[in-house]
Amino acid sequence: MGRGKLRIYLGAAPGVGKTYAMLSEAHRRVERGTDCVVAFVEHHGRPRTEVMLHGLEQIPRKELVHRGSAFTEMDVDAVLHRAPAVALVDELAHTNVPGSRNAKRWQDVEELLAAGIDVVSTVNIQHLESLGDVVESITGIRQRETVPDEMVRRADQIELVDMSPQALRRRMAHGNIYQPDKVDAALSNYFRPGNLTALRELALLWVADRVDEYLNEYRSEHQVSKIWGSRERIVVGLTGGPEGRTLIRRAARLAEKGAGGEVLAVYISRSDGLTSGSPKELALQRTLVEDLGGTFHHVVGDDIPAALLDFARGANATQIVLGSSRRKTWQYVFGPGVGVTVARESGPDIDVHIVTHEEVAKGRGLPVARGARLGRARILAGWLAGVLGPVVLALALNAVDLGLANDMLLFLALTVAAALLGGLLPALASAAFGSLLLNYYYTPPLHRLTIADPQNIVAIVIFVAVAVSVASVVDLAARRTHQAARLRAESEILSFLAGSVLRGETSLDAILDRVRETFAMDTAALLERVSDVDPWTCAGSVGPGTPVERPEDADVDVPVGDHMALALSGRVLPASDRRVLAAFAAQAAVALDRERLRQEAEQARTLAEGNRIRTALLAAVSHDLRTPLAGIKAAVTSLRSDDVEWSEEDTAELLAAIEDGADRLDHLVGNLLDMSRLQTGTVTPIIREIDVDEVVPMALGGVPEDSVELDVPETLPMVHVDAGLLERTVANLVENAVKYSPRGLPVLVLASALADRVEVRVVDRGPGVPDDAKERIFEPFQRYGDAPRGAGVGLGLAVARGFAEAMGGTLNAEDTPGGGLTMVLTLRAVERIPVPAGSAAEAERRTT
């Protein structure tokens, strides 16, 4: 059976008509022949709502007593037993009375949905968990009853029940919502026009977002690429330059003019990761767009116009905001620019706005956080080679005449050496200084800064051009090498982080320690707080120092959500490191949540197991132990009675009943004690070498004669077991098999040797057990099928498996060929040591 469907009527405030709309829908479904029942609907004394209940089947409520008062709640078991097609459940966020099946009504609804029952429910916008703070700031009242947003979002249908604040206040004044004595207080407090208007806006916006999600899902499923202008979405193209803040503000003003406008700022970087945008400027722009209610996106793409348009179409954007080009007029020879290309290829569905700014026509260069890419020693060596090198070379060339061409090649080689050592600036200095020396010393007329031969002019110009080009290439290679090394380091760190997640190494201390080592910090701490006004607490920290008490006191802090932050102390990190640091912060938060969930799950498992065992023990004591006690007491009372003179046959029968009841009590109590020993780990087997044929027959004393056939060869190897535990194990298996075997078909107990083990099989011809239940029958307090209560507390097989595993063996269930169940007990055999023929040991063995 599949999962049921959930339909929710959402309202802005009490009294808008959610319950009435739900009951109207129920009447429509009943008229169509749908099996619809009222699981729980509260009419709150409203006459019109109460009338709508007439003609609908209502499931009786469950009565509970709490603190001396009687309450009624939805009877989940009764609804599940009735199994209707549709169930009406009012007030989804309601908190159940203590002692109910679940703490919250939405958890009851989850059970109904899981059982395949469709549910129609109601909820007010103020009861959504994520809106609790917003509603409190509007109304001044903190909602105690909440429902998780995800529960409502997963609904198959959400229908908004809307009503204007004026109409709702009129309904209130007419007494259609609350009792007359409560109307004035309600109208002057919670139901003020401002409150109702704000709550109505919340409800409309929340439903609009949900509708938007449905629309995106539909467009994705049906591969719709055409823009549907259902709401204004404005994409802002950022370059990392300072004009980005102007564009974001302009886009925000455009979004305010349309209902439900949304701003999406996008920065497109090259696929090789070598971008020219300023990380600091991008961080400021991210903060600005988020403060204005928009979102920031980072997209990778080599073709910037195509990547920008793909993003806009994928986000169903209606407008794109771009800045005027910073290029100078002569730079347009290289192409029309991003703005013109986007405007030409956007098509009729997307409007493109070109916004002027202060950086127009000031050049294409972007502010770049360069930093030191070469060591200080290399930079110093480069300057020495670029400034002193040409002087030394000129003095050396004055002593020998190699010709102008060779002189220029030597100066060019020196410029390349300066570029390799110190980068661009030392190479440019070498090229400029070297060209002057070549002109002065080696180009006619000598010792003058003039050139007579035009060919020499060309040579000098080529020399300078080659020197500058080589210097630029070397500097670019050095910068890209630095950036590539950084990106490689980041990728290795992120790869290690991802690998640790896959390997299960997700402890909070390990992640914090990894953060501290990676960024060379003194301390790393994960801070959290309950709300914006509560103090920060330390969820975990590593490092020799004392962790900070607030994120703002740390050298570096990375927020994780609204009420959690990763705080590092030791040094200030550059903005470029925050990308990797944010990944560590998110993983640390996940690790903390996982540890807490694991602890809660372990506590819940322990409590559940304890409750299950206690419940089963109480059931066993209340019935299975009471039955033989009642039989013994009745027999003893009869024998002691002076009113009846019992015959010898009657006396013998009563004594036999007493003995049978005592045996049953002994068996039940023994199993209970054995199970408690197994669960507390106090079973200590005494392993010895035992013959199976000596122990197994002793285990058949508690079953009727002719109910078991024994086939245990004397030639079987000895086994490593505890004789007492083996006897109890086989006895429980045989008793269980005899219990389920038909009359006239004895249970077969046979043993055989197989490799290094001995198998003891207990075969019955009973009803058998399906494959999916073969493991459950070994759990404590389990009876399969319709076994009678007097058949025991369901511990025999659990004790048998526990004893088998304590001796190093196994116990499993298999199907008997032809019908029935076979219990296979596997034991470790004693290794046989070959004995030479004719030896004394062989003679003694044969004599024995």
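Residues numbered from 1 in each chain as written. Predicted model: local features only at pLDDT ≥ 70, side-chain atom pairs only at ≥ 80, totals over all residues. Heavy atoms only, no water.

## As for the side chain of Ser 100
Here is step 1: Relative to the helices and strands, Ser 100 is located in the loop between strand 6 (86–89) and helix 4 (105–114).
Here is step 2: Within the structure, the side chain of Ser 100 is placed 2.6 Å from the backbone oxygen of Val 97, a separation counted as a polar contact.
Here is step 3: Once residues lying within four places of it in the same chain are set aside, the contact partners of Ser 100 are Leu 64 and Glu 73. (Helix = DSSP H or I, 4+ residues; strand = E, 2+ residues; numbered from the N terminus. Polar contact = N/O pair within 3.5 Å; in protein donor to acceptor, adjacent residues only side chain to side chain. Contact = heavy atoms within 4.5 Å.)

## Here's the deal with the packing of helix 15 (residues 404–422) against helix 16 (residues 424–442)
Here is step 1: Between helix 15 and helix 16, the least distance of the axes is 7 Å, while the angle of their chain directions is 165°. If you check the angle between helix 15 and helix 16, you find them roughly antiparallel. Crossing of helix 15 over helix 16 shows right-handed handedness. Side by side, helix 15 and helix 16 meet where Leu 404, Asp 407, Met 408, Phe 411, Leu 414, Thr 415, Ala 418, Ala 419 and Gly 422 of the first sit next to Leu 424, Pro 426, Ala 427, Ser 430, Ala 431, Gly 434, Leu 437, Leu 438 and Tyr 442 of the second.
Here is step 2: Residue composition of the contact of helix 15 with helix 16, grouped by class: 13 nonpolar, 4 polar and 1 charged. (Axes fitted to C-alpha atoms, helices over the stretch in contact; angles between N-to-C directions. Parallel < 35°, antiparallel > 145°, perpendicular 65-115°, else oblique. Left-handed = near helix turned anticlockwise from the far one by under 90°. Nonpolar A, V, L, I, M, F, W, Y, C, P; charged D, E, K, R; others polar.)

## Side note on the sheet that holds strand 7 (residues 118–124)
Whenever strands of a sheet pair, they do so through backbone hydrogen bonds, lying parallel or antiparallel.
Here is step 1: Spatial strand order, 3-2-6-7-1-8: 6 strands in an open sheet with parallel pairing. Looking at the sheet topology across the chains shown, the edges are occupied by strand 3 (57–58) and strand 8 (157–161).
Here is step 2: Strand direction decides the pairing type here: strand 6 and strand 7, joined by 4 bridges, are parallel. Along strand 7, the bridge assignment pairs Val 89 with Ser 121.
Here is step 3: Docked against the sheet, helix 1 (residues 18–31) engages strand 1 (6–11), strand 2 (36–40), strand 6, strand 7 and strand 8, running at close to 145° with respect to strand 1.
Here is step 4: Against the sheet, helix 4 touches strand 1, strand 2, strand 6 and strand 7, its axis set at about 180° to strand 6. (Pairing = 2+ DSSP bridges.)

## A few points about a negative patch on the surface
Here is step 1: Taken together, the side chains of Glu 648, Glu 649, Asp 650 and Glu 653 present a region of like negative charge at the surface.
Here is step 2: In this fold, Glu 653 is placed in helix 21 (residues 648–680).
Here is step 3: Relative accessible area serves as the criterion here: at 56%, Glu 653 is assigned to the exposed category. (Patch = residues over 30% accessible without salt bridge, like charges linked within 9 Å, V, L, I, M, F, W, Y side chains within 5 Å. Areas by Shrake-Rupley, 256 points an atom, 1.4 Å probe, with all protein chains shown as cover. Salt bridge = Lys/Arg side-chain N within 4 Å of Asp/Glu carboxyl O. Lys, Arg positive; Asp, Glu negative; His and termini not counted. Charge placed at Lys NZ, Arg CZ, Asp CG, Glu CD. Buried < 20%, exposed > 50% of the residue type's maximum accessible area, 1.4 Å probe, protein only.)

## What about the nonpolar core?
Here is step 1: Of all hydrophobic cores here, the largest spans 60 residues; its most connected members are Leu 88, Leu 112, Ile 125, Val 147 and Trp 206.
Here is step 2: In contact with Trp 206, other than residues within four places in its own chain, are Leu 10, Ile 125, Leu 128, Leu 131, Asp 149, Val 152, Arg 153 and Ile 158.
Here is step 3: Ranked by size, the runner-up nonpolar core spans 42 residues in total, among them Val 696, Leu 733, Ala 751 and Ala 800. (Core = buried A, V, L, I, M, F, W, Y, C linked by side-chain atoms within 4.5 Å.)

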